[in-house]
Amino acid sequence: MRGLTRDDGGALLEVEIGAMNEEATLALAERVRAYIDEDPDEGTKAELQALLDEGAWDDLQSRFDGRLQFGTAGLRGLLGGGPMRMNRVTVLRATAGLCREMLRSVPNAKERGLVIGYDARRMSEELARDAAEVASGHGIVARLFSAPVPTPVAGFAVLELNAAAGVVITASHNPPDYNGYKVFWENGAQIIPPVDEAIADSIDAVGALATIERSDAHIRQLNDGLPNQYLERAAAVLNPVTKERATVVAYTAMHGVGGKYIGAAFKRAGFTLFGEPSQAEPDGRFPTVAFPNPEEDGAMDRVLELAAKENADLVLANDPDADRLAAAVRHGGEYRLLTGNEIGCLLAHHILERGSGDERTILSSVVSSPMLYAIGQSQGVHAEQTLTGHKWIQNRALDLAKDGRRVVFGYEEALGYAVSPMVRDKDGITAALLLAEMADELHAQGQTLIDALETMARRYGLFLSDQVSVVLPGAEGQSQIAARMKALRQTPPAELGGFAVLAHQDFESGKRISGNESTELTFPASNVLLFELEGGHRAMVRPSGTEPKIKHYIDVRVDLAEGESIDAGRERGLATLSAIRDAFVS
């Protein structure tokens with residue numbers, strides 16, 4: 001099928017357009033040309049012009065079918081030209097909206113300023129500079145890091161400088177072609193409603209790009225001072241030691257920005273650290289990993305080889321912006337990868353064992369292991385779960401502080417841990433230090449973190465977890481996901497895998513229903529369903545917020561009999577897990 005567009009002189013040209021009609025093609029072409037005229041980036045201008053010249057209408061339609069939406073995660077998307085991509089236009093508009101909301105609602109926003117950090121991904125530095133110029137153009141002091149930094153260092157700077165807000169240009173552990181725009185509010189935590197909604201409305205109100213004021217008059221460079229302060233404060237998460245550390249650590253930065261910080265922090269703490277050299281330098285191409293996420297299969301292969309070569313006791317990995325932590329432990333002559341739930345519960349146990357106070361509180365996301373409840377109950381401290389993400393964990397921590405509760409730890413199963421109030425977000429650097437300290441104390445007793453997990457299982461119960469994602473792409477997939485959630489709401493299962501459903505929680509309606517009784521939930525409305533099963537097991541389902549998936553979470557509890565081996569208990573638990581999963585996942 002053929003359609004129409006215009007050349008640079010305005011003459012109509014006939015091109016191949018597939019299924020699009022001529023009117024739609026012409027309208028799309030005009031929109032693309034108007035965007036090109038406004039775009040300040042020669043690279044994306046040329047990219048879009050080439051797509052126009054080729055008549056790549058499906059590609060262009062995907063780039064212009066709306067605009068990348070600003071939400072509680074800020075912005076994240078593929079790099080490229082067009083309003084549905086991460087690029088300079090997107091960041092300029094987002095920062096203009098953010099600045100206008102800061103000036104409207106944050107006291108002394110101009111003087112307190114906007115902290116701006118960035119990672120080593122493609123375009124990160126350029127996008128950070130654009131954000132700084134827009135803030136400066138609004139009369140706001142733009143506190144711009146002079147080099148790439150881990151996300152937790154930027155979050156630390158927001159609190160340390162009493163900034164009005166903070167921005168980090170990062171796509172965390174996403175593939176190389178992605179970038180993002182993460183926002184911290186004046187309280188140092190990531191934004192949640194209604195702040196995110198107000199910023200989104202402000203972005204929508206931004207007019208033509210030419211109306212956005214830009215300058216460098218109020219840009220202030222953040223050099224080594226803030227990173228050094230961060231490292232000094234990070235050292236305080238550890239107990240003082242008077243003897244040499246015996247634990248040997250192998251580490252990978254996964255081509256991200258954490259290596260320099262981990263190296264300095266572990267040297268201060270007295271650990272012997274071997275860094276994987278092929279992944280040590282920041283490189284936004286991520287040449288040695290297909291997917292720069294330490295959770296992915298094979299992502300830690302190189303550092304595990306290094307660990308075997310150097311006879312390391314503990315293996316650690318950060319994601320590219322160093323806010324997540326993965327770990328493996330040498331036990332019985334082999335390396336065993338720890339799950340996010342295992343790391344989270346180890347850290348919670350370690351923090352509670354070395355502290356005191358009945359005002360202490362521990363938090364986790366609702367999709368994380370319910371073992372945290374058992375730990376809290378046994379230790380006599382308050383434990384809660386929040387919606388998924390550290391934005392909810394940290395904002396809940398601030399609310400609890402008003403009631404005199406002190407949140408000493410928060411985690412989510414996707415390798416995100418908050419072990420110190422110096423950062424109101426997940427922090428893969430301080431978490432790495434604390435896990436290494438725990439491993440070192442166990443090493444002195446001839447034990448490993450695996451031994452600690454067994455001890456905890458006997459004290460708190462053996463908890464096993466599984467997550468199953470079903471990919472359902474496109475509009476049809478979205479309909480299937482919606483239908484699945486609707487069916488479960490209308491007809492909740494009476495049993496799963498032979499275990500009776502005792503109650504179900506619907507986070508959308510805010511109700512917990514058990515038989516004929518209904519009670520209110522304290523969670524913000526969210527499209528999540530949780531089924532409480534006999535035996536202390538549970539099953540949960542929610543649509544992904546960023547991908548065409550429906551995610552299922554199953555958690556099983558096994559109480560070990562006296563004298564029963566961990567392996568025997570695990571076998572029982574895995575059988576239960578399998579039965580519930582097979583009944584629940586469709």
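Counting starts from 1 at the beginning of each chain's written sequence and moves along it residue by residue. Reporting in this predicted model follows two pLDDT cut-offs: at least 70 for local features of residues, and 80 or more for side-chain atom pairs to be given and counted; totals over whole chains, interfaces and linings ignore these cut-offs and use all residues. Side-chain descriptors were evaluated using all non-hydrogen atoms of the structure, hydrogens and water having been removed beforehand.

Engineer: Can you help me understand the environment of P421 in this one?
Structural biologist: Mapped onto the elements, P421 comes out in the loop between β17 (416–418) and α15 (428–443). By relative accessible area, which is 67% here, P421 ends up exposed. Each C-alpha atom, one on P421 and one on V407, is 8.3 Å from the other, the two residues being 14 residues apart in sequence. By the criteria applied, helices consist of DSSP H or I runs no shorter than four residues and strands consist of E runs no shorter than two, each listed in order from the N terminus. For every residue, the accessible area obtained with a 1.4 Å probe (protein chains only) is divided by the maximum for its type, and the residue is called buried under 20%, exposed over 50%, and partly exposed between those limits.

Engineer: What am I meant to see in the pairing of strand β10 (residues 272–275) here?
Structural biologist: The side chains of a regular strand alternate between both faces of the sheet. The pairing of strand β9 (residues 248–252) with β10 spans four bridges and is classified as parallel. Its bridge partner lying in β10, V249 is registered against L273. Each pair of strands is called paired provided DSSP finds at least two bridges between the two strands.

Engineer: Even after reading the chapter, I still don't get the sheet that holds β9, so can you show me in this structure?
Structural biologist: As a general point, the strands of a sheet are linked pairwise by backbone hydrogen bonds and lie either parallel or antiparallel. Judged by pairing direction, the sheet is mixed, and its five strands sit side by side in the order β10-β9-β11-β12-β13 without closing on themselves. Only two strands of the sheet have a single partner each, and these edge strands are β10 and β13 (334–337). When the angles between neighbouring strand axes are averaged without regard to direction, this sheet yields 25°. Direction of pairing for β9 relative to strand β11 (residues 314–318): parallel, over a ladder of four bridges. Counterpart to T252 in the pairing with β11 is A317. Across the sheet, helix α11 (residues 301–310) lies against β9, β10, β11, β12 (325–331) and β13, angled at about 155° from β9, the strand it touches most. Helix axes are fitted to C-alpha atoms over the stretch in contact, other axes to C-alpha atoms as well, and angles between N-to-C directions run from 0 to 180 degrees. Here a residue-residue contact requires only that any non-hydrogen atoms of the pair lie within 4.5 Å.

Engineer: Explain helix α6 (residues 124–137) here, please?
Structural biologist: Given 3.6 residues per turn, any residue in an α-helix points the same way as the ones three and four places further on. Taking 1.5 Å of rise per residue, the 14 residues of α6 would be expected to cover 20 Å, and the 20 Å separating its terminal C-alpha atoms lies within 8% of that figure. Of all 14 residues in α6, ten are buried; the element is thus mostly enclosed. The complete set of buried residues in α6 reads S124, L127, A128, D130, A131, A132, E133, V134, A135 and S136. Buried residues along α6 sit against α4 (88–105), β4 (114–118), β5 (142–145), β6 (165–169), β7 (178–185) and β8 (219–222). The span one expects for a helix is its residue count, reduced by one, times 1.5 Å.

Engineer: Which parts of the structure should I look at to understand α4?
Structural biologist: For α4, built from 18 residues, the straight-helix expectation of 26 Å at 1.5 Å per residue is met to within 8% by its first-to-last C-alpha distance of 26 Å. Among the 18 residues that make up α4, 14 are buried, leaving the element largely enclosed by the rest of the structure. Here a polar contact means two N or O atoms within 3.5 Å. Within protein one must be a hydrogen donor candidate and the other an acceptor candidate, and residues neighboring in sequence count only if both atoms are side-chain atoms. Two to three positions downstream of the cap, the backbone nitrogen of V89 sits 3.1 Å from a side-chain oxygen, assigning the N-cap of α4 to N87.

Engineer: What am I meant to see in the sheet that holds strand β15 (residues 382–386) here?
Structural biologist: Read across the open sheet, the four strands follow the order β15-β14-β16-β17; overall the sheet is mixed. Each end of this open sheet is capped by a strand with a single partner; those strands are β15 and β17. Adjacent strand axes in the sheet meet at a mean angle of 15°, parallel and antiparallel pairs treated alike. Set on the sheet, helix α12 (residues 340–353) makes contact with β14 (360–365), β16 (406–412) and β17; between it and β16 the angle comes to about 165°.

Engineer: Explain a negative patch on the surface here, please?
Structural biologist: Residues enter patches when their relative accessible area tops 30% and they take part in no salt bridge; the joining distance is 9 Å for like charges and 5 Å for the nonpolar side chains Val, Leu, Ile, Met, Phe, Trp and Tyr. For the accessible areas, the method is Shrake-Rupley and the probe is 1.4 Å, while residue cover comes only from the protein chains on display. Salt bridge criterion: a side-chain nitrogen from Lys or Arg within 4 Å of a carboxyl oxygen from Asp or Glu. We treat Lys and Arg as the positive residues and Asp and Glu as the negative residues; His and chain ends play no part in the count. Lys charges are placed at NZ, Arg charges at CZ, Asp charges at CG and Glu charges at CD. Negative charge collects at one region of the surface, where E295, E296, D297, D301 and E305 lie side by side. Counting through the fold element by element, D301 comes out in helix α11. Here D301 falls in the partly exposed class, since its relative accessible area comes to 42%.

Engineer: It is not clear to me how the packing of helix α1 (residues 22–38) against helix α3 (residues 57–64) should be interpreted in this structure. Could you clarify?
Structural biologist: The packing of two helices is summarised by the inter-axis angle and the distance between the axes. At a closest axis distance of 11 Å, the pairing of α1 and α3 adopts a crossing angle of 60°. Comparing the axis directions of α1 and α3 gives the class oblique. For the pair α1 and α3, the sense of crossing is left-handed. Where α1 abuts α3, its residues T25, L28, A29, R31, V32 and Y35 lie against W57, L60, Q61 and F64. Each angle receives one of four descriptions, namely roughly parallel if under 35 degrees, roughly antiparallel if over 145, roughly perpendicular if within 65 to 115, and oblique otherwise. The sense of a crossing depends on the near helix, which, turned anticlockwise from the far helix by less than a right angle, makes the crossing left-handed and, turned clockwise, makes it right-handed.

Engineer: Which parts of the structure should I look at to understand the packing of α1 against helix α2 (residues 42–54)?
Structural biologist: Between α1 and α2, whose axes approach to 10 Å, the crossing angle comes to 160°. As the angle between them shows, α1 and α2 are arranged roughly antiparallel. Along this stretch, α1 crosses α2, giving a crossing that reads as left-handed. Here α1 contributes A29, V32, R33, Y35, I36 and D37 to the contact with α2, which in turn contributes K45, L48, Q49 and L52. Across the contact of α1 with α2, the residue classes tally to six nonpolar, one polar and three charged. Gly is placed with the polar residues, together with every amino acid not listed as nonpolar (Ala, Val, Leu, Ile, Met, Phe, Trp, Tyr, Cys and Pro) or charged (Asp, Glu, Lys and Arg).

Engineer: Would you explain the nonpolar core in this entry?
Structural biologist: As a rule of thumb, soluble globular proteins bury nonpolar side chains together. As used here, the term nonpolar core means buried Ala, Val, Leu, Ile, Met, Phe, Trp, Tyr and Cys residues forming a set that is joined through side-chain atoms within 4.5 Å. Ranked by size, the top nonpolar core spans 88 residues in total, and within it Y230, F266, L316, F409 and L449 carry the most contacts. The contact partners of F266, leaving out residues within four places of it in the chain, are V249, F271, L273, L316, A432, L433 and A436. L79, L98, V183 and I203 belong to the second-largest nonpolar core, a separate cluster that totals 36 residues.

Engineer: Got a minute to help me understand the layout of surface pockets in this structure?
Structural biologist: The rolling of a water-molecule-sized probe over the atoms marks out the regions of remaining empty space. Here a cavity means grid points, on a 1 Å grid over the protein atoms only, where a 1.4 Å probe fits yet cannot get out; a pocket means an open set of points with protein on both sides within 12 Å along at least five of seven lines; lining residues are those with an atom within 4 Å of a point. Grid points are joined across faces, edges and corners, and a volume is the space filled by probe spheres set on the points. By volume, the second largest pocket amounts to about 530 Å³. Along the wall of the second largest pocket there are 26 residues; nearest its centre are R406, V407, V408, S420 and P421. Of the residues belonging to the lining of the second largest pocket, the class tally is 15 nonpolar, five polar and six charged.

Engineer: Hey, could you run me through empty space enclosed by the protein in this one?
Structural biologist: One pass over the full model with this rule turns up one cavity of 30 Å³ or more. Its volume calculated, the largest cavity comes out at about 40 Å³. Along its surface, the largest cavity is lined by D119, A120, R121, H255, G256, V257, D283, G284, F286 and P320. Tallied by class, the residues present in the lining of the largest cavity amount to four nonpolar, three polar and three charged.

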